[in-house]
Structure formats: structure tokens, C-alpha cells
Amino acid sequence: MSKAYDRVEWPFINGVMSKLGFADGFIDFIICCIKSVQYSILINGEEGLSFRSTRGLRQGDPLSPYLFLFCGEGLSVLMRLACQEGKICGAKVCRASPSITHLMFTDGCILFEEVSNRGISVLKEILREYEVCSGQCVNFEKSTVFSAQMQMTMIGTWCFKFLTFDRLKQRINSWSIRHISQGGREVFIEAVLQAVPTYTMACFLLPKSLCTELENIMTLFGGIKAMGREACIGVIGSLYAR
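What comes next concerns the included structure.

Criteria and cut-off values
- Residues numbered from 1 in each chain as written.
- Predicted model: local features only at pLDDT ≥ 70, side-chain atom pairs only at ≥ 80, totals over all residues.
- Heavy atoms only, no water.
- Axes fitted to C-alpha atoms, helices over the stretch in contact; angles between N-to-C directions.
- Helix = DSSP H or I, 4+ residues; strand = E, 2+ residues; numbered from the N terminus.
- Parallel < 35°, antiparallel > 145°, perpendicular 65-115°, else oblique.
- Left-handed = near helix turned anticlockwise from the far one by under 90°.
- Contact = heavy atoms within 4.5 Å.
- Nonpolar A, V, L, I, M, F, W, Y, C, P; charged D, E, K, R; others polar.
- Core = buried A, V, L, I, M, F, W, Y, C linked by side-chain atoms within 4.5 Å.
- Buried < 20%, exposed > 50% of the residue type's maximum accessible area, 1.4 Å probe, protein only.
- Expected span 1.5 Å × (residues − 1).
- Phe/Tyr/Trp six-rings, centres within 6.5 Å; stacked < 30°, edge-to-face > 60°.

Quick look at the packing of helix H1 (residues 10-19) against helix H2 (residues 24-35) now. Following both chains from N to C, one finds H1 and H2 inclined at 160°, their axes separated by 10 Å at the closest point. When the axes of H1 and H2 are compared, the pair comes out roughly antiparallel. The hand of the H1/H2 crossing is right-handed. Along the contact surface, H1 presents Trp 10, Asn 14, Met 17 and Ser 18, while H2 presents Phe 26, Ile 27, Ile 30, Ile 31, Ile 34 and Lys 35. In terms of residue class, the contact of H1 with H2 is built from seven nonpolar, two polar and one charged.

In terms of nonpolar packing, the biggest core is built from 26 residues, with Ile 34 and Ile 126 touching the most fellow members. Listed by contribution, the elements that provide at least two residues to this core are H1, H2, helix H3 (64-84) and helix H4 (117-134). Excluding its chain neighbours within four sequence positions, the residues that come into contact with Ile 126 are Leu 75, Leu 78, Met 79 and Ala 82. Membership of the second largest hydrophobic core comes to six residues, among which are Leu 193, Met 201, Leu 214 and Phe 221.

For H4, spanning 18 residues, the distance from its first C-alpha to its last is 26 Å, which sits close to the expected 26 Å at 1.5 Å a residue. In this structure, the buried side of H4 is in contact with H1, H3 and strand S4 (109-111). Gly 135 sits one or two residues past H4 and shows a positive phi near 90°.

So, on to the packing of aromatic side chains. Here the structure, examined in full by the defined rule, presents five aromatic pairs. Ring geometry for Phe 12 versus Tyr 130: centroids 6.4 Å apart, planes at 80°, classification edge-to-face. With Phe 12 in helix H1 and Tyr 130 in helix H4, this residue pair connects regions lying 118 residues apart in the sequence. When its relative accessible area of 13% is taken as the criterion, Phe 12 is described as buried. We classify Tyr 130 as buried; its relative accessible area is 4%. Connected via pairs of aromatic rings, a cluster forms that spans Phe 22, Phe 26 and Phe 70.

Below, the structure is given as C-alpha cells:
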């Protein structure tokens, strides 16, 4: 979404909270917290007149991420309703399994639908309705379309590479390992690197080749030392056992 926090419409937040069963007094209190914010602009070092906004959530406010979840719930509901009405079919592991229409993550989402003109049109309609209601706007420069015959293993592999694998490499590259001892590297592996793929591993059965590549990345970062290597293999071994 383009400038996701800045485009949030307050009536949409109010409506979603009401549908979810929040008390009217609590909703009024939350909306009052949002509307009470004042802004001012510095012009040549001098502060201008204060003014209030009519939409949007403040970046850095501890309350904003929780309120933005209501926007994501609105899109999730639209996808579920479309699936119940038979407009979209999503992806299935087998014929008897439930359909997967969407996956939502911290900073992105993945929508699943059949590769056809009808499927694309329905997704566009859902996104258009979501944009009108919530104020959001799809940023197509940050969006990607992926077409393939999908099974659960392939879905898990693609999600892992898209949301986790590249991020894992970027995080390792951002660390200056020259100033980190062997013990410090092992702490980073256990506390940070192994935590990155935890969610994906809990949802999908990843291929051995991908797990091996993940193991190699951690092993190279930790150094060829028995303790570091065993720590890396521990997570992969638990996945194989499943």
C-alpha cells in the first residue's frame, strides 16, 4: 500500500471496531485520541500555525500499529466473503482441504487466485472496494504477480524466499562480523537468525534444499565450529522430524 498509515480513514477504523464488538465508549475514546493530534510546519526555522488532520495514523505512535490491524482485517473479510460466495477459489493443498485465499504478514500480504481474466478481475474489484472504504491505495511498484501451478510446498517456498530468505541475508550483511567474537556470533544465530524463519516453518513444510541453504548461511556466519554448526542444525532437524 502507498503511504499506508497516512491514508487511513477514521470512519473506517470506527466501523471495523464497531463490527468487531468493541464498546461504543471505548471506540469514542480511541477516535478522540486520534483526532486530538495537532500539527505545525516549520517555515525558515519558524513554527507556523497549528492545524488538525482529517485522516491518517501517526508514524511511531505505539497505538498506530494496532489500529492499522483493523485495516488489514477489512481486506481479510473481503477475501473471505468472496471465497464464501464462490467468486474466488484461492489455493488448495488437496481437494478436501480448505482454500487459502490470502496470507497477511507484518509489512505485506499475498493474495491467491486462479490464473484467469475472471480471477484477476475479481481481485481488482476486491482491492478497489478496499481502497474506497479504507482510503488505502495499492502501490503497484512494490507489488509482484507470480503465476504457477501451486501446491502447499511451493507456496511455502515462495513465501519464505519472498518474506524471509532475502531479509535473512540482508540482516547478516548489515552486521560488522569483524568486531563480533565467536560466542557473539552464536548468540546472534540463536537469538536472531533462527527466529526469522520460525513463523514460516510453523506454517509450511519447506524443501530440504531450502533448509540446507539456510543452514549453510548460518554456518558460514557462525564459523566452522562444532557448537555453532550444531546450533544451526537444531532448527533444521526439528523441521525434518515434523
